[in-house]
Amino acid sequence: MRRRAKTRSIALLKPSEIQDVLRGRLNQLASCTVTREDLRIECPDEGTMRVRKLVHRGAPRPVSKYPSFKLGRVVECESLLEVEFATLLDVGPAIEAFAEQSVVLNYTDGGSHRWHVPDLVVLSKGRIHFVEIKFQRDVDDAVMARTQLLRDRLSSVGASYRLVTEEEIRSGHLLDSARQVLRRGRHNIHEFELRGY
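This write-up is about the structure you can find in this document. (Residues numbered from 1 in each chain as written. Predicted model: local features only at pLDDT ≥ 70, side-chain atom pairs only at ≥ 80, totals over all residues. Heavy atoms only, no water.)

Remarks on the pairing of strand β5 (residues 104-109)
Residues in a regular strand project their side chains so that they alternate between the two faces of the sheet. Note the cut-off: A pair of strands is considered paired only if DSSP assigns at least 2 bridges between the two. Runs of E in the DSSP output that reach at least two residues are strands. Runs of H or I that reach at least four are helices, and both are numbered from the N terminus.
Relative to β5, strand β1 (residues 39-42) is paired through four bridges, and the arrangement is antiparallel. Note on β5: the bridge partner recorded for L39 is Y107. Note that β5 and strand β6 (residues 112-116) share five bridges and pair antiparallel. Pairing of T108 across the sheet is with H113, part of β6. Linking two consecutive strands that pair antiparallel, namely β5 and β6, is a turn of two residues; a positive phi of about 60° is found at G110 within it.

Here it is in structure tokens:
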């Protein structure tokens, strides 16, 4: 009879341990791209989750801070859309962890060297997903070409790349439901509320 290795479910980990799992997966991906010319993933320095600092004096645009229930820390977002998407990730049962501005994707496009910092990196079911969030009005041919190029290159190392717009984030009642769940999840249940159970 074969013994199964003892592993802790990611749901039982502390928020800091969850971030370590995400960092470990990102480092694994980065090591897969070290010898490639067409794609290289750069991770942040040890002890940090971001390659770019969003909140600082003199920031060129407004930055929002989202208190993540799942991560146990504040997530820095560049737009309201990023805050809304982080809200959806926070309640998503398949989402193990996520981090903002946490890698630099270096790639070649038609002989030119380019780099890109995706808005979010998501760990779901053990797989890394890079997510770029934009308003539909900002999606042009260059953004679509970059999305397709990165989608193809990242799939070869076992990751994915997605472009998400407000049409997907704000469709239906999902966002309102996520806000309700988080609002209720942040309050303690009083003893008298439990008496009927």
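What about the packing of aromatic side chains?
Here the distance between the centres and the angle between the planes together describe a pair of aromatic rings. This is how it is decided: Stacked, tilted and edge-to-face pairs are distinguished by plane angle, under 30 degrees for stacked and over 60 for edge-to-face with tilted covering the rest, among Phe, Tyr and Trp rings (Trp via its six-membered ring) whose centres lie within 6.5 Å. Consider the ring centre and the ring normal. A charge sits over the ring if Lys NZ or Arg CZ is within 6 Å of that centre and within 35 degrees of that normal.
By the definition in use, this model includes zero aromatic pairs. Its guanidinium or amino end placed over the ring of F135, R137 lies 4.6 Å from that ring's centre, counting from NZ or CZ.

Describing the sheet that holds β6
Condition: Under this scheme, a helix contributes an axis fitted over its contacting stretch, all axes are lines through C-alpha atoms, and angles between N-to-C directions fall in the 0 to 180 degree range. Residue contacts are defined here by distance: any two heavy atoms, one from each residue, within 4.5 Å place the two residues in contact.
Ordered in space as β1-β5-β6, the three strands form an open sheet in which the pairing is antiparallel. Each edge of the open sheet carries a strand with a single partner, namely β1 and β6. Ignoring which end each strand starts from, the neighbouring axes of this sheet average 20° apart. Packed onto the sheet, helix α3 (residues 141-155) meets β1, β5 and β6 and runs at close to 105° relative to β5.

Let's talk about α3
Let me state the cut-off plainly: Expected helix span is given by 1.5 Å per residue-to-residue step, counting one fewer step than there are residues. Categorising residues by exposure relies on relative accessible area from a 1.4 Å probe, with only protein chains included: less than 20% of the type maximum marks a residue as buried, more than 50% marks it as exposed, and the intermediate range marks it as partly exposed. For this analysis, a polar contact is any N or O atom pair within 3.5 Å, provided that within protein one partner can donate a hydrogen and the other can accept it, and provided that sequence-adjacent residues contribute only side-chain to side-chain pairs.
Taking 1.5 Å as the rise per residue, α3 with 15 residues should run 21 Å; its terminal C-alpha atoms sit 21 Å apart, in good agreement. When α3 is considered as a whole, its buried residues turn out to be V143, R146, T147, L149, L150, R153 and L154. Buried residues in α3 make contact with β1, β5, β6, β8 (127-133) and β9 (160-164). Regarding α3, its N-cap is D140, as a side-chain oxygen of that residue lies 3.3 Å from the backbone nitrogen of A142 further along.

Description of the nonpolar core
Stated precisely, the cut-off is as follows: Residues belong to a common nonpolar core when they are buried Ala, Val, Leu, Ile, Met, Phe, Trp, Tyr or Cys residues joined through side-chain atoms within 4.5 Å.
Of all hydrophobic cores here, the largest spans 43 residues; its most connected members are F85, F98, I128, F130 and L154. The leading source of residues in this core is helix α2 (residues 80-91), at six residues.

Details of the sheet that holds strand β4 (residues 95-100)
An order of β4-β7-β8-β9 is seen for the four strands of this open sheet, with the pairing classed as mixed. The sheet terminates laterally at β4 and β9, the two strands that pair on one side only. Put simply, the sheet's adjacent strands are angled 25° from each other on average, direction ignored. As paired strands, β4 and strand β7 (residues 120-124) are joined by five bridges and run antiparallel to one another. Note on β7: the bridge partner recorded for A97 is L123. The sheet contacts of α3 involve β8 and β9, and relative to β9 the element is tilted by about 155°.

Some thoughts on the pattern of salt bridges
Put simply, the rule reads: Salt bridge, as applied in this entry: a Lys or Arg side-chain nitrogen positioned within 4 Å of an Asp or Glu carboxyl oxygen.
Within this structure, the stated rule accounts for ten salt bridges. For the salt bridge of D38 with R153, the shortest nitrogen-to-oxygen distance reads 3.5 Å. Residue D38 is located in the loop between α1 (15-32) and β1, and its partner R153 is located in helix α3; the two are separated by 115 residues in the primary sequence. For R153, a relative accessible area of 16% corresponds to the buried category.

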